[in-house]
Each structure stands twice: as structure tokens, then as C-alpha cells.
Amino acid sequence: MKFMKKEIRILGVSDGFSYRSSVPRKVAIVGVVFRGGHWLEGVMRSMVEKDGVNVTSRIVEMIRSSPHLQQTRFIMTDGLAFAGFNIINIKTLYEKTGIPVVAVSKRRREVEYLGEAIREMNDNKSRREALEDAGRAFSWTLESSKRPIQLFNAGASAIDIRSIMRGVCETRTPEPIRVARIFSSELNRFLTKQFQKD
């Protein structure tokens, strides 16, 4: 896959999440399936615990139960941390689905930042393992932007990832992640309002 096929199916996953103490204990994550970088073909969702340790298993379940499983060739996640500090293990996600994964971050020192942030939290073993398994990020810069983004990879070569990024990026946010972020933001806004009413 040295050059991106125009109709490759890519799953973008996001929680659209702004960390606030008033949100419910469970946070929605949304996955959107894009054909190439332009055609939306499907939507899936799940729930994860705020500051929990279950985001990897929930994404695995979400993908395995989806009718898009067999067609999906690549997974993009909106960073390494969901719902606060529920940290995804991209290596495990790749091993359990067989689909290459890239976590996209605009923060230059994502692993160091998260490692410091979770230092005093419970259940740190799985979080630290997830950060270790993320490995070292490499930088990629959109031609129209001077600011690089950081990519953590499991199961694909840097050449393949760069080819895919060129096909799905009009801005620094890949289109599958951008759309997943919109859907999940609206869903979590609704859940937060319901939570505050109760």
C-alpha cells in the first residue's frame, strides 16, 4: 500500500471531548468510516469511562460488531487519550482487529505529557503500558501548513501512513477524525445536558 488507493476504507475515532468535571462518568466515542478522504459510508459509537482504562476494549468491540469490519483497512484515532486519561493501546488495537492504526496528535510531546498527567492516578499499569506500546511518534507536515502533527503507528509503514495522510487531509486534522469529532462532540454535549438535568 505504498500509494493510497482512492477508495480505501478508513475509520476515524474521536470523543470530541473537552475535559470538564461536570460531564457524566461515561463518555461517547464515535467512529466514522470514510471511503478515501471524501465519502462518508458509516457511523458507529460506543461508551467509555471518564479517566478509565477501557477505551481499547470498547473500540475493539465497536469495530468487531460493525458491518464495516471486513472493508476497513486503516484506523485513525484522535490522539492517544480519550475521555480525559483513558489511554488507548494502539498496539493491542492492531493485534485484536488486524487493522493498522495511527494515533494523530498535534502535541509535540504527547507521551511525556500524558505520562506526567497520570502519575498520581490509580490503574496506572495499563496506562503506562499503552504509552510504552505507542512507541516513538514521527512528524508529518501538510504541504499547506508549517506546523507538523505527530503520528503514532501500529501495523503500517511510515510510507503508507504518509500516503494515506495526503489523501485525507485538507487541514491538519484528517477528515475522518474531523467528522468523528463533530459527531461525538454533539453527542457528548447532549449527554452532559441530560446529566446536569438529573
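Residues numbered from 1 in each chain as written. Predicted model: local features only at pLDDT ≥ 70, side-chain atom pairs only at ≥ 80, totals over all residues. Heavy atoms only, no water.

Q: Kindly report on the overall build of the protein chain, identifying the contributing residues and their values.
A: Assigned secondary structure in the protein chain consists of 6 helices and 9 strands. The C-alpha atoms of the protein chain give 16 Å as radius of gyration, which agrees with the globular expectation for 198 residues (16 Å, within 12%). Judged by the C-alpha coordinates and their principal axes, the protein chain covers about 50 × 35 × 35 Å. Every one of the 198 residues in the protein chain was classed for burial, and the buried ones make up 52%. Here the analysis covers contacts within the protein chain between residues at least 6 apart in sequence; of these, 68% occur between residues at least 24 apart. For the protein chain, the computed accessible surface area is about 10400 Å², with 47% contributed by carbon and sulfur atoms. Charge-centre separation for the protein chain: the mean point of 34 positive side chains lies 3 Å from the mean point of 22 negative side chains. (Helix = DSSP H or I, 4+ residues; strand = E, 2+ residues; numbered from the N terminus. Rg over C-alpha atoms; globule rule 2.2 N^0.38 Å. Buried < 20%, exposed > 50% of the residue type's maximum accessible area, 1.4 Å probe, protein only. Contact = heavy atoms within 4.5 Å. Areas by Shrake-Rupley, 256 points an atom, 1.4 Å probe, with all protein chains shown as cover. Lys, Arg positive; Asp, Glu negative; His and termini not counted. Charge placed at Lys NZ, Arg CZ, Asp CG, Glu CD.)

Q: Which residues make up the pattern of salt bridges, and what values go with them?
A: Under the definition given, this model contains 8 salt bridges. Where Glu110 meets Arg107, a salt bridge forms, and the shortest distance between an N and an O atom there is 2.7 Å. Across the pair Arg178 and Glu175 runs a salt bridge, and its minimum N-O distance is 2.7 Å. One end of the pair is Arg178 and the other is Glu175, both in helix H6 (residues 175-197) and 3 residues apart, which spans about a single turn. Among the residues examined, Glu175 registers a relative accessible area of 17% and is labelled buried. Salt bridges sharing partners connect three or more residues here, namely Arg9, Arg35 and Glu41. (Salt bridge = Lys/Arg side-chain N within 4 Å of Asp/Glu carboxyl O.)

Q: So what about the sheet that holds strand E7 (residues 101-105)? Which residues, and what values?
A: Read from one edge of the open sheet, 7 strands run E3-E2-E1-E4-E7-E9-E8, paired in mixed fashion. The open sheet has two edge strands, strand E3 (39-49) and strand E8 (138-140), and neither has a second partner. In this sheet, neighbouring strand axes are inclined to one another by 25 degrees on average, regardless of whether the strands run parallel or antiparallel. Relative to E3, strand E2 (residues 26-35) runs antiparallel, the two sharing 10 bridges. What sits directly across from Gly31, in E3, is Met44. (Pairing = 2+ DSSP bridges. Axes fitted to C-alpha atoms, helices over the stretch in contact; angles between N-to-C directions.)

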